[in-house]
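For reference, the chains in residue letters:
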Amino acid sequence: QVDLVESGGGLVQPGGSLRLSCVASGHAFSIYSMGWYRRAPGKQRELVAARTTGGRTDYATSVQGRFTISRDNAKNTVHLQMNSLKPEDTAVYYCNAYNPDKNYWGQGTQVTVSS
C-alpha cells in the first residue's frame, strides 16, 4: 500500500513557475515508478510526466522542455517543476505510483494559470 499526498498547486500568471510535490507513505517506495497526470476542465486525464524505477523519464509533448519530473527515494518524494506555464496547463494534477501489480493515486492539487 502506498499513500500519496500532492501539494504545491495554486494560482500563477502565464509564464510563471510552480513546483508540485508528492510525498508517499508506505513500504518499498523505490519499487514503484512515478508519474504525474492532469485533468483539465472538460478534458480527459492525460499523462504529463513519468519517472521509472530504471531512471527513464518521459514527458507529454505539450510540456516537453517546460516541465521536469524528479524523485528522491530517500525522502519518498517526487516533484514536478513547471516553468513557462500556459493557461492550457490549468488542471488538477495527480501523483501516480505504479508497478506491474499495483496502481496508486493521490487526491490531486489544483493548478490555475491565469492573468
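Residues numbered from 1 in each chain as written. Predicted model: local features only at pLDDT ≥ 70, side-chain atom pairs only at ≥ 80, totals over all residues. Heavy atoms only, no water.

Moving on: the overall build of the chain. Counting secondary structure elements, the chain contains 0 helices and 11 strands. Going residue by residue from the N terminus, the α and β elements of the chain occur as β-β-β-β-β-β-β-β-β-β-β. The C-alpha radius of gyration computed for the chain amounts to 13 Å, which stays within 12% of the reference 13 Å derived for 115 residues, consistent with globular compactness. Taken along its principal axes, the extent of the C-alpha atoms in the chain is 40 × 25 × 25 Å. Considering only contacts within the chain whose residues lie at least 6 apart along the sequence, 55% involve residues at least 24 apart. Accessible surface computed for the chain: about 6,100 Å², of which carbon and sulfur atoms make up 47%. If the 12 positive side-chain charges of the chain are averaged to one point and the 8 negative ones to another, these points end up 2 Å apart. (Helix = DSSP H or I, 4+ residues; strand = E, 2+ residues; numbered from the N terminus. Rg over C-alpha atoms; globule rule 2.2 N^0.38 Å. Contact = heavy atoms within 4.5 Å. Areas by Shrake-Rupley, 256 points an atom, 1.4 Å probe, with all protein chains shown as cover. Lys, Arg positive; Asp, Glu negative; His and termini not counted. Charge placed at Lys NZ, Arg CZ, Asp CG, Glu CD.)

Counting 29 residues, the largest nonpolar core has Leu4, Trp36, Leu80, Met82 and Tyr93 as its most contacted members. Counting residues per element, the ones that place at least two in this core are strand E1 (2-7), strand E3 (18-26), strand E4 (33-39), strand E5 (46-51), strand E7 (67-72), strand E8 (77-82), strand E9 (91-98) and strand E11 (109-113). (Core = buried A, V, L, I, M, F, W, Y, C linked by side-chain atoms within 4.5 Å. Buried < 20%, exposed > 50% of the residue type's maximum accessible area, 1.4 Å probe, protein only.)

With that settled, consider the pairing of E8. Most of E8 sits inside the fold, with 5 of its 6 residues counted as buried. Pairing geometry for E3 and E8, over 6 bridges, is antiparallel. Opposite Arg19, over in E8, you have Gln81 as the bridge partner. Where E7 folds back onto E8 in an antiparallel hairpin, the turn is made up of 4 residues, including Asn76, whose phi is positive at roughly 50°. (Pairing = 2+ DSSP bridges.)

Inspection of the sheet shows E4 paired to E5 by 5 bridges, in the antiparallel sense. Across the sheet, residue Tyr37 finds its bridge partner in E5, namely Leu47. Counted along the chain from E4 to the antiparallel partner E5, the turn is 6 residues long, and its residue Gly42 has a positive phi close to 75°. Looking at chain direction, E5 and strand E6 (residues 57-59) are connected through 3 bridges and run antiparallel.

Once that is clear, we can look at the state of the cysteines. Overall, the coordinates contain 1 disulfide when judged by the stated rule. The partner cysteine of Cys22 in its disulfide is Cys95, sulfur to sulfur 2.1 Å. One quick way to see it: the torsion about the S-S bond of Cys22 and Cys95 is about -85°, and its sign makes the bridge left-handed. Of the two residues, Cys22 sits in strand E3 while Cys95 sits in strand E9, which places them 73 residues apart along the sequence. (Disulfide = S-S within 2.5 Å.)

Let us look at the packing of aromatic side chains. Going through the model one piece at a time under the given rule, you end up with 2 aromatic pairs. Centre to centre, the rings of Tyr32 and Tyr104 are 5.8 Å apart; their planes meet at 75°, and the pair counts as edge-to-face. With Tyr32 in the loop between E3 and E4 and Tyr104 in strand E10 (residues 103-105), this residue pair connects regions lying 72 residues apart in the sequence. In terms of burial, Tyr32 and Tyr104 fall into one category: buried. Seen from their ring centres, Tyr37 and Trp105 are 4.9 Å apart, and the 65° between their planes marks the pair as edge-to-face. (Phe/Tyr/Trp six-rings, centres within 6.5 Å; stacked < 30°, edge-to-face > 60°.)

Let us now look at the side chain of Thr52. Along the chain, Thr52 falls in the loop between E5 and E6. The residues touching Thr52, leaving out its near neighbours within four places in the chain, are Ser33, Arg71 and Tyr98.

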